[in-house]
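# Architecture at a glance
So the chains spell out like this:
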Amino acid sequence: MNVMVVGAGMMGFNHVRNFSSFNNVKHVIVVDSSEEALKKVSSLGHCGTVSAYKTIEEALKNENVDAATIIVPTNSHYKVASSIIAKGIPTLVEKPITETIEDGKKLITEAKDCGVMLMVGHIERFNPAVQALKKNIHHLGVPFYASVHRFGVPTERDVGPAFIDQAVHDIDILTFLVGKYPSEVSAVEARIADKKSNDLCSAIFEFGSFTATVEANRVTPIKSRELVILGTAGAAKLDYISQDLTIMRADHVTTKYSTFDEIVLRVGRGTEIKPYFVKDEPLKLELMHFLDCVKNKKEPLTTGMDGLHALAAAVAGMKAAKSGKRESICI
Ligand SMILES: NC(=O)c1ccc[n+]([C@@H]2O[C@H](COP(=O)([O-])OP(=O)(O)OC[C@H]3O[C@@H](n4cnc5c(N)ncnc54)[C@H](O)[C@@H]3O)[C@@H](O)[C@H]2O)c1
């Protein structure tokens, strides 16, 4: 397969790194308007499997492209993805799907009208710990509450509001786990270290009978990304970074203790289940899935609609933070 990667900046570099290591990728065609970005990726790949272009037009004139991934800044997602979809090329656009809900809707319609596969890079769905939790979620009974945080360090780069850049990941994961889209949100936001955007947000999302608090920021000195989900029969704790997952069934919960060790290790833990899975790079698994969907004409795990719903929830979160009221989430 020949794969075109448009945008070889911080995240695009990792797309090129992965594609150039796949056996089923013959040629990686990299497009970036920046000479410096192209120079950085030129060392990736082997035996001339990576070629570089400054424009999409130039690349398409010279190469046959079977699939494309788009990793340009979010405000260019629609324009770039729309032009590639119009050429009939199956496309993966990084999260968030687009900058606005309107553009997201247009992109989904264009892909449908052209009969072209559109996938959105909601990478955490491919995190092996998330996949294992999804497979084992029945141990929790009926999920009714979750608490998620995604804390990061300050950045000089202009990456946009914490709701759109970070919380969008967790909104999508909660949707994936409980199989429902959120309908209402109340929230707060703040700008702490960033020059332009609100780099801290905290929200309560309501998914009918399931509620979740989502906190995201880029003002913490350590990177920490964790989720705790509670159900009628148990709870689960997941660390997105270390890919550790523990499920605790509410049966045999110890409430009596006589030693300090028992307090620390056993009280309130119930029966622990440690599902077996192989830890791996989520981006690698996401890109392998994308190529599999292209080859076998399958619907991707993260569709345009999934991307649109996650974006709409993040946008509603920002609206709720501004209004100080609970806001509805609509697309
Ligand atoms: N899934 C994830 O975990 C994750 C992580 C980081 C970034 N992202 C997403 O990836 C996207 C890019 O983020 P980044 O941090 O890599 O940005 P970046 O600024 O580091 O890189 C963007 C690159 O795109 C190039 N570019 C801009 N317009 C172009 C065009 N029209 N044609 C070709 N190249 C163009 C720039 O020269 C730059 O090299 C964003 O949408 C971001 O939300 C996703």
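Contact pair helix α5 (residues 101–114) / helix α10 (residues 304–323): the axes reach a minimum separation of 10 Å and the direction vectors enclose 175°. Compared by their axis directions, α5 and α10 come out roughly antiparallel. From α5, I101, G104, K105, L107, I108 and A111 reach across to α10, where they touch G304, M305, G307, L308, L311, A312 and V315. Here the residues of the contact of α5 with α10 are counted per class, giving nine nonpolar, three polar and one charged.

The next subject is the nonpolar core. Formed by 93 residues in total, the largest nonpolar core has its most connected members in V5, V6, A167 and A314. There are two domains that each give this core at least three residues, and those are domain 1 (2–124 + 283–301) and domain 2 (125–281 + 312–328). Other than its neighbours up to four places away in sequence, A167 contacts R150, A162, C201, A203, V214, A216, A314 and G317.

Two numbers describe how helix α7 (residues 162–178) lies on α10: the axes approach to 9 Å, and their chain directions differ by 125°. Here α10 runs oblique to α7, going by the angle between their axes. Pair α7 / α10 crosses with right-handed handedness. Between α7, through F163, I164, A167, V168, I171, D172 and T175, and α10, the contact on the second element is made entirely by D306, H309, A310, L311, A313, A314, G317 and M318. Among the residues making up the contact of α7 with α10, the classes are represented as 10 nonpolar, three polar and two charged.

Lining the immediate environment of the ligand, one finds 23 residues, of which G7, G9, M10, M11 and S34 sit closest. Looking at the shell around the ligand, the element that brings in the most residues is helix α1 (residues 10–19), giving three residues. Among the residues making up the shell around the ligand, the classes are represented as 11 nonpolar, eight polar and four charged.

If you walk across this open sheet you meet the nine strands as β14-β13-β12-β11-β7-β10-β9-β8-β15, and the pairing is mixed. One side of each edge strand has no neighbouring strand; the edge strands of this open sheet are β14 (271–273) and β15 (327–328). Of the strand pairs in this sheet, strand β8 (residues 184–190) and strand β9 (residues 200–207) are connected by seven bridges, and their pairing is antiparallel. Residue pairing for β9: E184 is matched across the bridge by E206.

Below, the discussion takes up the environment of N75. Position of N75 among the secondary structure elements: in the loop between β4 (67–70) and α4 (77–85). Here N75 falls in the exposed class, since 12 other C-beta atoms lie within 10 Å of it. Remark: the alpha-carbon pair of N75 and T98, spanning 23 residues in sequence, is separated by 6.9 Å.

On to the domain arrangement of the chain. The domain boundaries assigned to the chain delineate domain 1 (2–124 + 283–301) and domain 2 (125–281 + 312–328). Averaged C-alpha coordinates put domain 1 and domain 2 at centres separated by 29 Å. Taken together, the contact pairs 13 residues of domain 1 with 16 residues of domain 2. It is helix α9 (residues 282–296) that contributes the most residues to the side of domain 1 that touches domain 2, five residues altogether. Among the residues forming the side of domain 1 that touches domain 2, the class breakdown is six nonpolar, three polar and four charged.

What counts, and where the lines are drawn
- Residues numbered from 1 in each chain as written.
- Predicted model: local features only at pLDDT ≥ 70, side-chain atom pairs only at ≥ 80, totals over all residues.
- Axes fitted to C-alpha atoms, helices over the stretch in contact; angles between N-to-C directions.
- Helix = DSSP H or I, 4+ residues; strand = E, 2+ residues; numbered from the N terminus.
- Parallel < 35°, antiparallel > 145°, perpendicular 65-115°, else oblique.
- Contact = placed C-beta atoms within 7 Å.
- Nonpolar A, V, L, I, M, F, W, Y, C, P; charged D, E, K, R; others polar.
- Core = buried A, V, L, I, M, F, W, Y, C linked by C-beta atoms within 7 Å.
- Buried ≥ 20, exposed ≤ 12 C-beta atoms within 10 Å, placed from the backbone.
- Domains from an automatic or database assignment.
- Left-handed = near helix turned anticlockwise from the far one by under 90°.
- Near = placed C-beta within 6 Å.
- Pairing = 2+ DSSP bridges.

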